[in-house]
Amino acid sequence: MRPTRRLWASLALCVVLAAVAIILAHPLALAGIPVIATWAISHQWAFLEECVAIDASLTVEESLETHAVAVDDTTEATITATIPRPTSLHVDIAPGFPVATRVSNATPLSIARDLTQVNRTVDITWPVAGRHRFDPATITATDGLLTQSFTAGSGTAVTVEPRSVDDIHVGAGGERHAVAYGDHQTDRTGPGTEPATVREYAPGDPANWIDWNASARLPEIHVREFQVESDHALHLVVDHRPSLAEGTDDRTKLDMLRLVALSLLHSARRSDDPVGLVTATDDTIATHIRPGADPNTFAAIRRRLLVMRADARDTSPTARGPISATKARQAVTALDDDDSAFARTLRPYFADSGAYHQRVADRPLYEAVDAALTPSGSRGLTVILTDDEHPGELTEAIGRARSAGQSVLVFLAPTVLFTPPMADPEAAYERYVAFEEYRRELAATPGVSALEVGPRDALAELLSIGRARRTPGGVTT
Amino acid sequence: MRTTTLDRLRAESTLLAPPGRLDWAGVGACLIIIASLTGLLEGIGLAIGLLTALAWLAFGTPYAIAVGHVLLVVTLPTESSWQTIALAEVGFVALVLAPIVRAPRPGAGVLAAILAGAFVASATLFGLAISGLWLAAALALAATALGVYAVHRIGLVRLDLLPDAHP
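Structural notes, computed from the coordinates. (Residues numbered from 1 in each chain as written. Chains lettered and ligands numbered in written order. Predicted model: local features only at pLDDT ≥ 70, side-chain atom pairs only at ≥ 80, totals over all residues. Heavy atoms only, no water.)

Next up on the list: the overall build of chain A. Per the secondary structure count, chain A includes twelve helices and 25 strands. In chain A, which comprises 477 residues, the share counted as buried stands at 45%. Partitioning the intrachain contacts of chain A with sequence separation of at least 6 by distance along the chain shows that 73% fall at a separation of at least 24. Summing over all exposed atoms, chain A offers an accessible surface of approximately 23,300 Å²; the carbon and sulfur share of this is 52%. (Helix = DSSP H or I, 4+ residues; strand = E, 2+ residues; numbered from the N terminus. Buried < 20%, exposed > 50% of the residue type's maximum accessible area, 1.4 Å probe, protein only. Contact = heavy atoms within 4.5 Å. Areas by Shrake-Rupley, 256 points an atom, 1.4 Å probe, with all protein chains shown as cover.)

Summing up its helical and strand segments, chain B has six helices and zero strands in all. For chain B, contacts bridging at least 24 residues in sequence account for 56% of all contacts bridging at least 6.

A few words now on the sheet that holds strand β8 (residues 117-125) of chain A. Residue and element names in this part refer to chain A. Spatial ordering of the open sheet is given by β2-β4-β8-β6, a layout of four strands whose pairing is antiparallel. Looking at which strands have only one partner, the edges of the open sheet turn out to be β2 (59-64) and β6 (102-103). Inspection of the sheet shows β6 paired to β8 by two bridges, in the antiparallel sense. Across the sheet, residue Arg-102 finds its bridge partner in β8, namely Thr-125. (Pairing = 2+ DSSP bridges.)

For the rest of this paragraph, the subject is the interface of chain B and chain A. Interface size is commonly expressed as the accessible area that is lost once the parts come together. Counting from both sides, the interface comprises 61 residues of chain B and, opposite them, 53 residues of chain A. Of all residues in chain B, Val-73, Leu-133 and Leu-159 of chain B bury the most surface against chain A, accounting for 13% of the area lost on that side. Remark: the boundary between chain B and chain A carries one salt bridge. Between Glu-49 of chain A and Arg-158 of chain B there is a salt bridge, with its nearest N and O atoms 3.2 Å apart. There are eight residue pairs in polar contact (both at pLDDT 80 or more) connecting chain B and chain A. Looking at the side of chain B that touches chain A, the elements with two or more residues in it are α1 (5-9), α3 (61-75), α4 (82-97), α5 (106-130) and α6 (133-158) of chain B. For the side of chain B that touches chain A, the leading source of residues is α6 of chain B, giving 14 residues. (Buried area = accessible area lost by both parts, 1.4 Å probe. Salt bridge = Lys/Arg side-chain N within 4 Å of Asp/Glu carboxyl O. Polar contact = N/O pair within 3.5 Å; in protein donor to acceptor, adjacent residues only side chain to side chain.)

All right, on to the nonpolar core then. Grouped together as the largest cluster of nonpolar side chains are 94 residues, with contacts concentrated most on Leu-58, Val-60, Ile-93 and Ile-139 of chain A together with Leu-72 of chain B. With 14 residues, helix α2 (residues 32-57) of chain A is the largest single contributor of residues to this core. With near-sequence residues (within four places) excluded, Ile-93 of chain A lies in contact with Val-60, Ala-81, Pro-108, Leu-109, Ile-111, Val-118, Ala-137, Thr-138 and Ile-139 of chain A. Membership of the second largest hydrophobic core comes to 63 residues, among which are Leu-264, Leu-277, Leu-305 and Val-410 of chain A. (Core = buried A, V, L, I, M, F, W, Y, C linked by side-chain atoms within 4.5 Å.)

Attention now moves to the environment of Asp-73 of chain A. Residue and element names in this part refer to chain A. Here Asp-73 is to be found in the loop between β3 (68-70) and β4 (74-82). We classify Asp-73 as partly exposed; its relative accessible area is 26%. Once the C-alpha coordinates of Asp-73 and Thr-125 are considered, the two residues, 52 residues apart in sequence, prove to be 5.7 Å apart.

Turning next to the sheet that holds strand β21 (residues 275-280) of chain A. Residue and element names in this part refer to chain A. Ordered by their spatial adjacency, eight strands build an open sheet running β14-β13-β25-β24-β23-β18-β21-β22, and the pairing between neighbours is mixed. Of all the strands in the sheet, just β14 (175-176) and β22 (285-292) have a single pairing partner and so form its edges. By the bridge criterion, five bridges tie β21 to β22 in an arrangement that is antiparallel. Looking across to β22, one finds that Leu-277 is bridged to Ile-289. Helix α10 (residues 391-403) contacts β23 (380-387), β24 (407-413) and β25 (448-455) of the sheet and is inclined by roughly 160 degrees relative to β24. Strands in contact with helix α12 (residues 456-469) are β13 (168-172), β14 and β25; relative to β25, the strand with the most contacts, it is inclined by about 100 degrees. (Axes fitted to C-alpha atoms, helices over the stretch in contact; angles between N-to-C directions.)

The next subject is the pattern of salt bridges. Residue and element names in this part refer to chain A. Counted under the stated rule, the structure contains 14 salt bridges over all chains. A salt bridge links Asp-239 to Arg-241, with the nearest nitrogen and oxygen atoms 2.9 Å apart. Pair check on accessibility: Asp-239 and Arg-241 agree, each one buried. Across the pair Arg-439 and Glu-436 runs a salt bridge, and its minimum N-O distance is 2.7 Å. Placement of the pair is Arg-439 and Glu-436 together in helix α11 (residues 425-443), with a separation of three residues, close to one helical turn. The pair Arg-439 / Glu-436 is uniform in exposure class, with both members buried. Ionic contacts of the salt-bridge type, sharing partners, join the residues Asp-239, Arg-241 and Glu-393 into one network.

Per the stated rule, a full pass over the model turns up four aromatic pairs over all chains. Measuring from centroid to centroid gives 6.0 Å for Phe-59 of chain B and Tyr-63 of chain B, while their planes differ by 50 degrees, and the two rings are tilted. Classification of Tyr-63 of chain B by relative accessible area gives partly exposed; the value is 27%. Connected via pairs of aromatic rings, a cluster forms that spans Phe-97, Trp-126 and Phe-134 of chain A. (Phe/Tyr/Trp six-rings, centres within 6.5 Å; stacked < 30°, edge-to-face > 60°.)

Our next topic: the side chain of Glu-393 of chain A. All names here are of chain A. Position of Glu-393 among the secondary structure elements: in helix α10. Among the residues examined, Glu-393 registers a relative accessible area of 3% and is labelled buried. Discounting chain neighbours no more than four positions away, the residues touching Glu-393 are Arg-241, Arg-363, Pro-364, Leu-365 and Tyr-366.

Set out below in structure tokens:
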């Protein structure tokens, strides 16, 4: 129980009476001290009795529309506080909203003196996936002289699921592909558990390698060698620039690429392979989790993938980034044949090829791949999840990964599948054909696999347009 | 119930003296104060009683007790008999006990008041008996603080707010 200023002032009167008694040498002033003390302690006791009664009988309930929501959903919740009989205390109830939520009105409720119930309906937004529980509500009771806080209510639990996509397509040229990630051979022999070959014993071989069955059948002693199981590092590079936000509310490019990344993470975890994550936004590397095979690393990567959002697109007139490397090369080539004053002025700026590498290095996706592979020197698999908005940069990023000896797997979300509605289906189909050509060009690179990711229904619609263009006579229009 | 400016000024509990309601028990206690002091000191006693009642009305019970005792100190002689002191205090005791009738459990409230009063009064008398005003004042203040703290600790236990001693 915390005394308010009023009670402190009242208790200070005891000190005043003591001073009066001493100064005037009159003991009668001291008689006022037990009287004031009796008043204070009896009020304190009555306040305690009322608080105990409220603590035993007050109920706080949180009722929600649903207890299973998706990330970023907003639900209505009604907070109801009830006491069996009216009280003369001023009672405030502060609901224990989960920390990782946004509430439209989080101010405490108050039960008016003549009432036995109060309720309020609020909107709660759930931006973080996971299981969230309401904390017990904090009850604050006061009578003007004393204040007491205690808790009441048992927390309601809400499960927030990450947004899932049911009709995701992962494949090539409209055909679905299974993406396998798991056990992998090293083609090296040595310590391990998987038997590889049987050979003659050589001086220096460990005695426990001796294969007694083979040695009994053959004239010489033979040993059995095992397959070395190595950790195959998985480097996830996820692009979440503004273009990845294209699509509908629950199936954007990023939503679908996120599912693919989570699936690969799950497979890597089952294989106990190290996994690292780098995410790229418009102008920076937003996340860099170094490869690790421990549960904390997996959990951190999973959390980051679940909460990742595509950055808002900066539509200001000055928000144009540098041109792509491909366009830069095209511009330089065009200048070679131009003898105008304009070309002569610009030509020295394109003469320095070193600037080309720096311009590429300023690209977030390239930087992300570079960061993922630095300083790791181990062979592994680099998975790049992005869209087809920056083809030149993607090509350069793949080249960077290949130069580090990495196998590369690219998941591309074609913009044409996420652009609703298809007002001009023929143009959309042409765009998809162009995308498919680009994807095949990437897949033809040694050590590189490239797959498309998109909504199954949108892809089926585009493919049907393509089939319709092929007449029964085999003529393609 | 409307809360007036006077309600906001007074040092009273909203539990035992709800604002906006006339405290008839308190009014009755004030009348007892006026009557007892008038009987004791006649005209001066009536004036002291009326000033005490006014202080109660304006600032609440503790201020009325303080004002009344200060006025009695300047009026009564130092060597007053115990009957005089008892007659002077009866009204103040009634003023303290009056709001307890509104407590959720009046019996427990009265018992708490009797125990608290007896404890602090005993400490005060003990100090007066063995030494003098200084010790009596110190013991009275210490006993008051101890009584308030004891109820605070009992409250923590009854509301289950104490952390466990061993995890």
